[in-house]
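This is what each chain is made of:
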Amino acid sequence: MSYIKIKSHAKINLALNIVGKTKKLHKIESIVSFLDLHDEIRIKKINQKNNKIKFFGKFSKGIKSKNTVSELLKNIEKKKLFKEKFQITIKKNIPSEAGLGGGSMNAASILNFLIKKKLLKRKKEILEIANAIGSDVVLGLYKKNLVLKSNNEIKVIPSKKKFNILLVKPSFGCSTKKIYSKVKKFYKPEFNTKIDNLMRSDFLREKKNDLEPIAIESYPKLKILKDFLDKLPNTEFVRMTGSGSTIIAYFNSSEKCKEASKKVSKQFRNYWCKTSKTI
């Protein structure tokens, strides 16, 4: 069997509110989109006793043997849902500890592959597997503009709005666990407005990421970066994604985005700087 190629797109939070907490997890609401930036997955069926997983590429260093993909396959094996084994190679173009959901989206993309191959059919089992790996894995099953409501309901936003974006990740990452451990305040849900409005620039400009001030307090260099991006001309808005450390400047023009990229690369030579767009 030849390899099948899969794109595993980066996920971003255009806005994120912490609205409460359960015994184990924080309750959030978020406006989510996906980027043309993606990891490259190749997968094929093999006639062997065990699955084989290999990571390579610029951001593969430091990925442990226990990762989102290995945990996905382990959960499937426990449930004995099918007997097939796979060889999976993943080229990592998305940095880790960046707030871009790289690992979670790898698992989601492989889950989608298994669903299309009709190896996984029951919605309840699919959701159980996704949630066992990470709370954001289920979002990757959609790959569309989404709003995650405070009650965990997911709605597709029927907007064709596209952003050109400039992603800047410092030479350090942010630990999701560390950032969430410092959450002290909860806020009222804000995304119950008309769903068509959620991708509008004027609406998003007034919103926030509740994790951003926590990350800035923990990593003061993020404030320097955020202030620089805020001063760039022609930005729609600037916001950290997820628990960081990537901060994103949003533009309506590809040309203006590329101009900004040159200025950032010159100022922050050791930072990862990448232009992309929402899909």
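Here, residues in each chain are numbered from 1, in the same order as that chain's written sequence. For a predicted model such as this one, the threshold for reporting local features is a pLDDT of at least 70, and the threshold for listing and counting side-chain atom pairs is 80 or more; totals across whole chains, interfaces and linings nevertheless cover every residue. Only hydrogens and water are set aside; all other atoms, that is, all heavy atoms of the structure, feed into the side-chain values.

### A few points about the packing of aromatic side chains
Working step 1: Between the rings of Phe, Tyr and Trp (Trp by its six-membered ring), a pair exists once the centres lie within 6.5 Å; its type follows the angle of the planes, with under 30 degrees stacked, over 60 edge-to-face, and the other angles tilted. For the coordinates displayed, the defined rule picks out ten aromatic pairs.
Working step 2: Judged by centre distance (4.2 Å) and plane angle (15°), the ring pair of Phe237 and Tyr250 falls under stacked. Residue Phe237 is located in strand β8 (residues 237-240), and its partner Tyr250 is located in strand β9 (residues 247-251); the two are separated by 13 residues in the primary sequence.
Working step 3: Given the relative accessible area of 0%, Tyr250 is considered buried.
Working step 4: Taking 5.1 Å as the distance between ring centres and 20° as the angle between the ring planes, the aromatic pair formed by Phe268 and Tyr271 counts as stacked.
Working step 5: For each residue, the accessible area found with a 1.4 Å probe, counting protein chains only, is set against the maximum for its type, and the residue is called buried under 20%, exposed over 50%, and partly exposed in between. Looking at Phe268, the relative accessible area reads 10%, which means it is buried.
Working step 6: Residue classification places Tyr271 among the buried positions, given a relative accessible area of 16%.
Working step 7: Aromatic ring contacts, followed pair by pair, group Phe82, Phe86 and Phe113 into a single cluster.
Working step 8: For a lysine, the NZ atom is tested; for an arginine, the CZ atom; a charge sits over a ring if that atom is within 6 Å of the ring centre and within 35 degrees of the ring normal. Above the plane of the ring of Tyr187 lies Lys208, whose end atom (NZ or CZ) is 4.9 Å from the centre. Comment: elements are numbered from the N terminus, with helices defined as DSSP H or I runs of at least four residues and strands as E runs of at least two.

Interpretation in functional terms is not warranted from these geometric data alone.
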